[in-house]
Amino acid sequence: MIIGVPKEVKADEKRVSITPDKIKGLIDAGHKIILESGAGQDAGFPDSAYLNVEIVSGPAKVWESADMIVKVKEPQQEEFKHFRQNQIIFTYLHLAAVPELTSELVKTKVTGIAYETIESNSGSLPLLEPMSEIAGRLAPQIAARLLQSDFGGPGKLLGGVPGAEPCRFVVVGGGTVGLNAAFIATSLGARVTIFDINLDRLRSIEYRYRGSIKTMLSTEEKLTDYLTRTDVAIGAVLIPGASAPKVITEKMINEMNPLSLIIDVAIDQGGSVEQIKSTTQSNPTYIKNDVIHCAIPNIPGSVAHTASTALSNATYGHILYLANNGVENLIAKNKPFAKGLNTLNGHVTHEALAKSLDLKYVNVVEAL
Ligand SMILES: NC(=O)c1ccc[n+]([C@@H]2O[C@H](COP(=O)([O-])OP(=O)(O)OC[C@H]3O[C@@H](n4cnc5c(N)ncnc54)[C@H](O)[C@@H]3O)[C@@H](O)[C@H]2O)c1
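Remember, it's a predicted structure, so these values are computed and weren't measured experimentally. (Residues numbered from 1 in each chain as written. Predicted model: local features only at pLDDT ≥ 70, side-chain atom pairs only at ≥ 80, totals over all residues.)

## Considering the overall build of the protein chain
- For the protein chain, the helix and strand inventory stands at 12 helices and 15 strands.
- Against the globule reference of 21 Å for 368 residues, the protein chain gives a C-alpha radius of gyration of 21 Å, in line with a compact fold.
- With respect to the principal axes defined by its C-alpha atoms, the protein chain has extents near 65 × 45 × 35 Å.
- A burial count over the protein chain gives 50% of its 368 residues as buried. (Helix = DSSP H or I, 4+ residues; strand = E, 2+ residues; numbered from the N terminus. Rg over C-alpha atoms; globule rule 2.2 N^0.38 Å. Buried ≥ 20, exposed ≤ 12 C-beta atoms within 10 Å, placed from the backbone.)

As structure tokens, then:
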């Protein structure tokens, strides 16, 4: 297969989809790589580190030649013109949040495989996990900065000092993002409570982090109560493939303290906070109802070197499998991987996505 690696074009996105150490394995398996010049530059991987690949300037030749495009973020409007029938686009798609991209992929009959809906045999999300770990670990760092008065915050030190209390965190969603955020925030001295609707999840957190992280079953009443006293709320819920449920409502926000901070990590799935709007790395916040809102859809993009390495470590085996076996084989033999197929032959082939966007769902076998 010819595998294309274009440079990312989303605002402030510096990650690259394949790091140089994965190239040899792909070439040894008989595949060819075509890389857009500069694709890895901002993540600390210059063209010269990519050995035995074809390097071209600009995206057009990459999209034109490749059987499979491997990216980081969902294709942007300026990339739609490159779409062509049966080309595989393998990347984070987050289609429930971008209906216009979904229609374009369907219209042009692109095979859209989303990292974030691929499952492992145990039902975990192995290609979302590394970015969730990073976004979760970065969230308290972002919070620490935004709580400072020189960044427009209330002038609070996350961990406090003896005699001055630490900040309170509410984390909604105790999965990979939530647990990593809680773990780092408590390490920095904050007081953290994780809310989730999955009692087993809460049980495992409680048994492991008893005393340092508090857990709560997420009900509207309890969450409202905690939010009135919190300094930082982190939205970290997920229903794979679907739009994020709006767990933090306008009514709850109205009761939060002035200059308290909401970081909605789930913004890439449409956001877990009512009326939330996307922000960017360079313009990370806005204030509404006296509360600071931060909703950056590509948080790991700011640690592009670590994030590219972690992403490529996780995707490498899947890229190799797909390139060696093709889509038909994937559908026949690898059901957990086939859950990544969001669009195929002009159909929406992910049930939760189809439901979220009110589109017709066709299963992958029929679509093929
Ligand atoms: N902004 C970014 O840069 C970035 C990066 C990585 C991941 N994410 C997003 O972060 C979100 C969380 O990802 P994850 O990997 O931690 O998912 P996960 O599946 O590991 O965890 C999600 C948790 O949310 C819980 N949940 C679901 N509905 C809930 C509800 N109504 N109330 C409370 N809890 C609920 C689930 O029980 C689960 O424990 C996803 O939307 C993901 O796409 C964003």
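That covers the picture; the talk isn't over yet.
## Focus: the pairing of strand β2 (residues 32-36)
- Counting buried residues along β2, 4 of its 5 residues qualify, which places the element largely inside the surrounding structure.
- Of the strand pairs in this sheet, strand β1 (residues 2-5) and β2 are connected by 4 bridges, and their pairing is parallel. For Ile-3, the partnering residue across the bridge sits in β2 and is Ile-33.
- Assessed by its sense of winding, the connection that carries the chain from β1 through helix α1 (residues 23-28) to β2 is right-handed.
- In this structure, β2 lies alongside strand β3 (residues 54-56), joined through 3 bridges in parallel fashion. Bridge pairing links Glu-36 to Val-56 in β3. (Pairing = 2+ DSSP bridges. Right-handed = clockwise from strand over helix to strand, strands pointing away.)

## Some words on the site of the ligand
- Around the ligand, the surrounding shell holds 35 residues, and the nearest of these are Ser-132, Ala-135, Gly-173, Gly-175 and Val-177.
- Those elements that provide at least two residues to the shell around the ligand are α4 (129-146), α5 (176-187) and β8 (191-196).
- A class-by-class count of the residues in the shell around the ligand yields 21 nonpolar, 10 polar and 4 charged. (Near = placed C-beta within 6 Å. Nonpolar A, V, L, I, M, F, W, Y, C, P; charged D, E, K, R; others polar.)

## Things to note about unusual backbone geometry
- Positive phi is not limited to glycine here, since Asn-52 has a value of about 65 degrees.
- Summarising the element assignment, Asn-52 is placed in the loop between β2 and β3.
- For Asn-52, a count of 10 C-beta atoms within 10 Å translates into the label exposed.
- Its identity is not glycine, yet Asn-289 carries a phi of approximately 50 degrees, on the positive side.
- For Asn-289, the location among the structural elements is in the loop between β12 (285-288) and β13 (291-294).

## A few points about the pairing of strand β10 (residues 232-235)
- Burial of the side chains of β10 extends over both faces: Val-232 and Ile-234 are buried on one face and Ala-233 and Gly-235 on the other.
- In terms of strand pairing, strand β7 (residues 168-172) meets β10 through 4 bridges, oriented parallel. Its bridge partner lying in β10, Val-170 is registered against Ala-233.

## Quick word on the domain arrangement of the protein chain
- By the assigned domains, the protein chain splits into domain 1 (2-118 + 303-367) and domain 2 (129-297).
- Centre-to-centre, using C-alpha coordinates, domain 1 lies 30 Å away from domain 2.
- Residue-level contacts link 18 residues of domain 1 with 16 residues of domain 2.
- Of all the secondary structure elements, the ones that give two or more residues to the side of domain 1 that touches domain 2 are α9 (304-333) and α11 (351-357).
- The biggest single contributor to the side of domain 1 that touches domain 2 is α9, with 6 residues. (Domains from an automatic or database assignment. Contact = placed C-beta atoms within 7 Å.)

## With respect to the nonpolar core
- Of all hydrophobic cores here, the largest spans 110 residues; its most connected members are Val-171, Val-172, Ile-234, Ile-263 and Val-265.
- For this core, the element with the highest residue contribution is α4, accounting for 8 residues. (Core = buried A, V, L, I, M, F, W, Y, C linked by C-beta atoms within 7 Å.)

## Observations regarding the environment of Ile-184
- With respect to the secondary-structure elements, Ile-184 resides in helix α5.
- A count of 20 C-beta atoms within 10 Å places Ile-184 in the buried class.
- Linking Ile-184 and Gln-141, residues 43 residues apart in sequence, is a C-alpha distance of 8.4 Å.
- Discounting residues that sit within four places of it in the chain, Ile-184 has contacts with Arg-137 and Pro-140.

## Here we look at the packing of α4 against α5
- The N-to-C vectors of α4 and α5 enclose an angle of 35 degrees; their axes lie 7 Å apart at closest approach. The handedness of the crossing between α4 and α5 is right-handed. Contacts between α4 and α5 involve Glu-129, Ser-132, Glu-133, Ala-135, Gly-136, Arg-137, Ala-139 and Pro-140 from the former and Thr-176, Val-177, Gly-178, Leu-179, Asn-180, Ala-181, Ile-184 and Ala-185 from the latter. (Axes fitted to C-alpha atoms, helices over the stretch in contact; angles between N-to-C directions. Left-handed = near helix turned anticlockwise from the far one by under 90°.)

## Remarks on the packing of α4 against α9
- Look at α4 against α9: their axes get within 8 Å of each other, and the N-to-C directions meet at 155 degrees. In terms of their interaxial angle, α4 and α9 are classed as roughly antiparallel. Contact residues: Glu-129, Pro-130, Met-131 and Ile-134 in α4; Thr-306, Ala-307, Ala-310, Leu-311, Asn-313 and Ala-314 in α9.
- Each residue belonging to the contact of α4 with α9 can be placed in one class, and the counts come to 7 nonpolar, 2 polar and 1 charged. (Parallel < 35°, antiparallel > 145°, perpendicular 65-115°, else oblique.)

## Re the sheet that holds strand β15 (residues 347-348)
- Judged by pairing direction, the sheet is mixed, and its 8 strands sit side by side in the order β3-β2-β1-β4-β5-β6-β14-β15 without closing on themselves. Of all strands in the sheet, those with a lone pairing partner are β3 and β15, marking the two edges.
- Pairing geometry for strand β14 (residues 341-344) and β15, over 2 bridges, is antiparallel. Its bridge partner being in β15, Thr-343 is matched across the sheet by Val-348.

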